[in-house]
Amino acid sequence: MFKKVLIANRGEIALRIHRACQEMGIQTVAVHSTADANAMAVRLADESVCIGPPQSRDSYLNIHAILSAATLTGADAIHPGYGFLSENAQFARMVEEHGFTFIGPKAEHIDLMGDKVSAKQTAAKLGLPVIPGSPGAVEDEVSGKKMAEEMGFPVLLKAASGGGGRGMKVVTKSEEFVEQYRTARSEAKANFGDDTVYMEKYLSTPRHIEVQIFGDKHGNAIHLGERDCSSQRRHQKVIEEAPSPALDDAARQKIGTLAADMVRNMGYVGAGTIEFLWEKGEFFFMEMNTRIQVEHPVTEMLTGIDLIAEQIRVAAGEPLRYQGDNIRFRGHAMEVRINAEDPETFIPSPGEIKMFHAAGGMGVRFDSAVYGGYKIPPYYDSMVGKLIVHGKDREECMARMKRAIRETVVDGVKTTLPLHLWILEQPEFISGDYNIHWLEKKLAEKAAAAAEKK
Ligand code: MV4
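Here, residues in each chain are numbered from 1, in the same order as that chain's written sequence. The predicted origin of the model limits local features to residues at a pLDDT of at least 70 and limits the giving and counting of side-chain atom pairs to 80 or more, whereas totals for whole chains, interfaces and linings rest on all residues. With hydrogens and water excluded, all non-hydrogen atoms of the structure serve as input to the side-chain values.

What about unusual backbone geometry?
Move 1: Omega for the bond connecting Phe-153 with Pro-154 falls within 30 degrees of zero, at -5°, which places this linkage in the cis form.
Move 2: Mapped onto the fold, Pro-154 is located in the loop between α7 (141–151) and β6 (155–163).
Move 3: The amide bond that connects Ala-242 to the next residue, Pro-243, takes the cis arrangement and shows omega of -5°.
Move 4: Where helices and strands are cited, they refer to DSSP runs of H or I of at least four residues and of E of at least two residues respectively, numbered from the N terminus. Its location among the elements puts Pro-243 in the loop between β11 (236–242) and α9 (249–266).
Move 5: For His-235, which is not a glycine, the phi torsion comes out positive at approximately 65°.

Spelled out as structure tokens, the structure:
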């Protein structure tokens, strides 16, 4: 097992990784920008190294500074968390070349899944259902238009190097195709430095359901069930829950098995997530994320498995502790992301947290790195914490989440807590009958009603 792990991240996930390491008897090194000198993970870690000025590109994305910090402190392994360098194949490669273990998948698998065309082709080859569309890149507007006409409108153009919702164009009729295709390519070039575009049949009202998977270095692969992330705004998840209210046990079993089989056949190592769209009783592969995700505690609450500890063990070469027959799914779990933002305008609200109180009690978990007197720096994303709750069923889970939100105090900055309370009171959310567009529609109606009043 590793003696010392360097945490190449910040905020709540840096603290989350530190906690797992500490429980495993592993020393930690926190790296931080000058803006994060007072961060909780920096205070708690055994050692810390300042790696640069506030801007991410000069600190948390500065590969050379991070590798130097690892060398300086004699770390054995590097955990990248989520975001930043977590899905950077070049970083994973360099970490290994410098003699450290990357706590994550092989660089080749990060590359394979980073290209959305090769990811989809791999998924299809390994037996996963994919969304009907172009077999690979759409090479030119003439053949693309012809293909779209044969497939039927609407179609969706996606950037091969995009992902997470960036760089998509819906085409509703033949006459629009050429213009949208040209726009899609030039935007893809400008945003990702790659103008490769592929095409799919557009699904109008799907749910976003993702399966947590895990592989080890001994050829074992498992799934840990799904999370429903259909409650989103501008491609940012707002509430995640498991199990999905849309699935029955047969559908759940089927998609979990397919996901685990894919991972086993690839020889994938570490934690990952396979994202699907679910519409009219059918699953379609969308993307695979080769990192631990923000919402991983939902799965931890449901299964009782520490996913970060498992990542570390698997990276150290140990076999998975859980192999299908000893995984139990209990009750229902839900997570709300707490952002320091105005709950109506979503304008970021950095600043000093005057008073802070985390909710507690039965089935409640608060993953956050903030504390009373902490100053939220303006340089990074606005998520300040996650409130995760567990209940014996969905009803108990929702009641518990509402009381935990009411108990939470984050004074001095605006947060999205009131928004979450409002969502939890909407009939469509209560019944579980919502898709990826539901929240945005509902928020637009709410804003229109508020404008009417004034
Ligand atoms: C789609 C789709 C409808 N049809 N593909 C957005 C994120 C990126 N990973 C893929 N996305 C979508 N792909 C087809 N063929 C709708 C979306 C989509 C979406 C998916 C998941 C969660 C939120 C979303 C919001 C808008 C669009």
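So that's the structure; there's more coming.
Overview of the site of the ligand
Move 1: Every one of the 17 residues lining the ligand counts as a neighbour, but Lys-158, Glu-200, Lys-201, Leu-203 and Glu-287 are closest to it.
Move 2: Polar contacts, as used here, are pairs of N or O atoms within 3.5 Å; protein pairs need one atom able to donate a hydrogen and one able to accept it. Residues neighboring in sequence count only if both atoms are side-chain atoms. At 3.0 Å, a side-chain N or O of Lys-158 approaches a nitrogen atom of the ligand.
Move 3: A distance of 2.8 Å separates a nitrogen atom of the ligand from a polar atom in the backbone of Lys-201.
Move 4: About the coverage of the ligand: the protein hides 93% of its 520 Å² of free accessible area.
Move 5: Think of it as three bins: nonpolar holds Ala, Val, Leu, Ile, Met, Phe, Trp, Tyr, Cys and Pro, charged holds Asp, Glu, Lys and Arg, and polar takes everything else, Gly as well. Of the residues belonging to the shell around the ligand, the class tally is 8 nonpolar, 5 polar and 4 charged. For this purpose, a residue is taken to be near a molecule or strand whenever a single non-hydrogen atom of the residue falls within 4 Å of it. Note on areas: these come from Shrake-Rupley sampling with a 1.4 Å probe, and a residue is covered only by the protein chains present in the view.

Here's the deal with the packing of helix α5 (residues 107–114) against helix α6 (residues 116–125)
Helices that pack against each other are described as a pair by the angle of their axes relative to one another and the distance between those axes.
Move 1: Note on method: axes are straight lines fitted to C-alpha atoms, helices fitted across the in-contact stretch only, with angles between N-to-C directions ranging 0 to 180 degrees. The interhelical angle for the contact between α5 and α6, taken along N-to-C directions, is 100°, at an axis separation of 5 Å. In terms of axis orientation, α5 runs roughly perpendicular to α6. The residues of α6 that touch α5, namely those facing Leu-112, Met-113 and Gly-114, are Lys-116, Ser-118, Ala-119 and Thr-122.
Move 2: Residue classes in the contact of α5 with α6 are distributed as 3 nonpolar, 3 polar and 1 charged. Any angle that falls under 35 degrees is termed roughly parallel, while one over 145 is termed roughly antiparallel, one within 65 to 115 roughly perpendicular, and all others oblique. Whether two residues touch is decided by their heavy atoms; if any such pair falls within 4.5 Å, the residues are in contact.

Digging into the nonpolar core
Move 1: With 35 residues, the main nonpolar core has Met-334, Leu-387, Met-401, Ile-423 and Phe-429 as its most contacted residues.
Move 2: Residue assignment for this core shows that the elements contributing at least two residues are β11, β14 (332–339), β17 (364–368), β19 (383–391), α12 (394–407), α13 (417–423) and α15 (438–453).
Move 3: Residue types Ala, Val, Leu, Ile, Met, Phe, Trp, Tyr and Cys, when buried and joined through side-chain atoms within 4.5 Å, form a set referred to as a nonpolar core. With a 1.4 Å probe rolled over the protein chains alone, any residue whose accessible area is under 20% of its type maximum counts as buried; one over 50% counts as exposed, and the rest are partly exposed. Counting residues in hydrophobic clusters, the runner-up holds 29 residues, among them Ala-14, Ile-26, Phe-214 and Met-383.

With respect to the side chain of Asp-216
Move 1: The topology assignment puts Asp-216 in the loop between β9 (207–215) and β10 (221–233).
Move 2: Lacking a salt bridge, the buried Asp-216 has Arg-264 as its closest oppositely charged neighbour, with an N-O distance of 8.5 Å.
Move 3: Only 2.8 Å separates the side chain of Asp-216 from the side chain of Asn-220, close enough to count as a polar contact. The charged-residue count follows a simple rule in which Lys and Arg add positive charge and Asp and Glu add negative charge, with His and chain termini not counted at all. Salt bridges are identified by distance alone: a Lys or Arg side-chain nitrogen within 4 Å of an Asp or Glu carboxyl oxygen.

Observations regarding the packing of helix α1 (residues 11–23) against helix α11 (residues 307–315)
Move 1: Relative orientation of the contacting elements α1 and α11 amounts to 65°, with a least axis distance of 9 Å. In terms of orientation, α1 lies roughly perpendicular with respect to α11. Both α1 and α11 take part in a crossing whose hand is right-handed. Here α1 contributes Ile-13, Arg-16, Ile-17, Ala-20 and Cys-21 to the contact with α11, which in turn contributes Leu-307, Ile-308, Ala-309 and Ile-312.
Move 2: Its residues placed into classes, the contact of α1 with α11 shows 8 nonpolar, no polar and 1 charged. Crossing handedness is read from the near helix: turned anticlockwise from the far helix by less than a right angle, it gives a left-handed crossing, and turned clockwise, a right-handed one.

As for the packing of aromatic side chains
Remark: the centre distance and the inter-plane angle together describe each pair of aromatic rings, the angle taken between the planes.
Move 1: Pairing of aromatic side chains requires ring centres within 6.5 Å, counting the rings of Phe and Tyr and the six-membered ring of Trp. Pairs whose planes differ by under 30 degrees are stacked, by over 60 edge-to-face, and all others tilted. Summed over the entire model, instances satisfying the criterion amount to 12 aromatic pairs.
Move 2: Between Phe-429 and Trp-438 the ring centres are 6.4 Å apart and the planes differ by 35°, which places this aromatic pair in the tilted class. With respect to burial, Phe-429 and Trp-438 carry one shared label: buried.
Move 3: Members of the aromatic cluster, connected to one another through ring pairs, are Tyr-60, Phe-84, Tyr-379 and Tyr-380.
Move 4: The ring of Tyr-434 carries the charged tip of Arg-207 above its face, separated from the ring centre by 4.5 Å. Note on geometry: a ring has a charge over it if NZ (lysine) or CZ (arginine) is within 6 Å of the ring centre and within 35 degrees of the ring normal.

Quick notes on the domain arrangement of the protein
Move 1: We note that the domain assignment places domain 1 (4–103), domain 2 (132–201) and domain 3 (207–450) within the protein.
Move 2: For domain 1 versus domain 3, the distance between C-alpha centres works out to 23 Å.
Move 3: In this assembly, 33 residues from domain 1 lie in contact with 27 residues from domain 3.
Move 4: Simply put, the buried area is the total loss of 1.4 Å probe accessible area from both parts when two parts are fitted together. Together domain 1 and domain 3 conceal approximately 2300 Å² of surface at their shared face, both sides included; 61% is due to carbon and sulfur atoms.
Move 5: Applying the counting criterion to the domain 1 and domain 3 interface returns 4 salt bridges. All the domain ranges listed were derived from an automatic or database domain assignment.

Points about the environment of Phe-429
Move 1: For Phe-429, the location among the structural elements is in helix α14 (residues 427–431).
Move 2: We classify Phe-429 as buried; its relative accessible area is 0%.
Move 3: Residues within four places of Phe-429 in sequence aside, it is in contact with Ile-239, Glu-241, Met-334, Arg-394, Met-398, Ile-423, Leu-424, Tyr-434 and Trp-438.

Observations regarding helix α4 (residues 89–97)
Move 1: Listed as buried for α4 are Ala-89, Phe-91, Ala-92, Met-94 and Val-95.
Move 2: Tucked inside the fold, the buried residues of α4 contact α3 (63–73), β4 (77–79), β5 (101–102) and α5.
Move 3: The distance from a side-chain oxygen at the start of α4 to the backbone nitrogen of Gln-90 is 3.0 Å, and the residue carrying that oxygen is Asn-88.
Move 4: Once α4 finishes, Gly-99 follows within two positions and takes phi at roughly 90°, a positive value.

Notes on the state of the cysteines
Move 1: Disulfides are defined as pairs of cysteine sulfur atoms found within 2.5 Å of each other. Tallied over the entire structure, the rule returns 0 disulfides.
Move 2: Of all cysteine sulfurs in the structure, the one in Cys-397 sits closest to Cys-229, which takes part in no disulfide; the separation is 14 Å.
Move 3: In this structure Cys-229 comes out as buried when scored by relative accessible area, which is 1%.

Digging into the side chain of Asp-367
Move 1: Relative to the elements of secondary structure, Asp-367 occurs in strand β17.
Move 2: Given a relative accessible area of 4%, Asp-367 falls into the buried group.
Move 3: Polar contacts involving the side chain of Asp-367 include one to the side chain of Arg-365, which spans 2.9 Å.
Move 4: Leave out the neighbours within four places in its chain, and Asp-367 touches Glu-12, Arg-16, Arg-19, Pro-297, Gly-385, Lys-386 and Ile-388.

So, the pattern of salt bridges
Move 1: On inspection of all chains with the given rule, the structure shows 37 salt bridges.
Move 2: Close ionic contact of Arg-365 with Glu-300 constitutes a salt bridge, the shortest N to O distance being 2.9 Å. Residue Arg-365 is found in strand β17, and its partner Glu-300 is found in helix α10 (residues 296–303); the two are separated by 65 residues along the sequence. Residues Arg-365 and Glu-300 agree in their burial class; the two are buried.
Move 3: A salt bridge links Glu-428 to Lys-442; the shortest N-O distance between them is 3.1 Å. Taken together, the positions of Glu-428 in helix α14 and Lys-442 in helix α15 put the pair 14 residues apart, joining distant regions of the chain.
Move 4: When its relative accessible area of 26% is taken as the criterion, Glu-428 is described as partly exposed.
Move 5: A relative accessible area of 14% places Lys-442 in the buried class.

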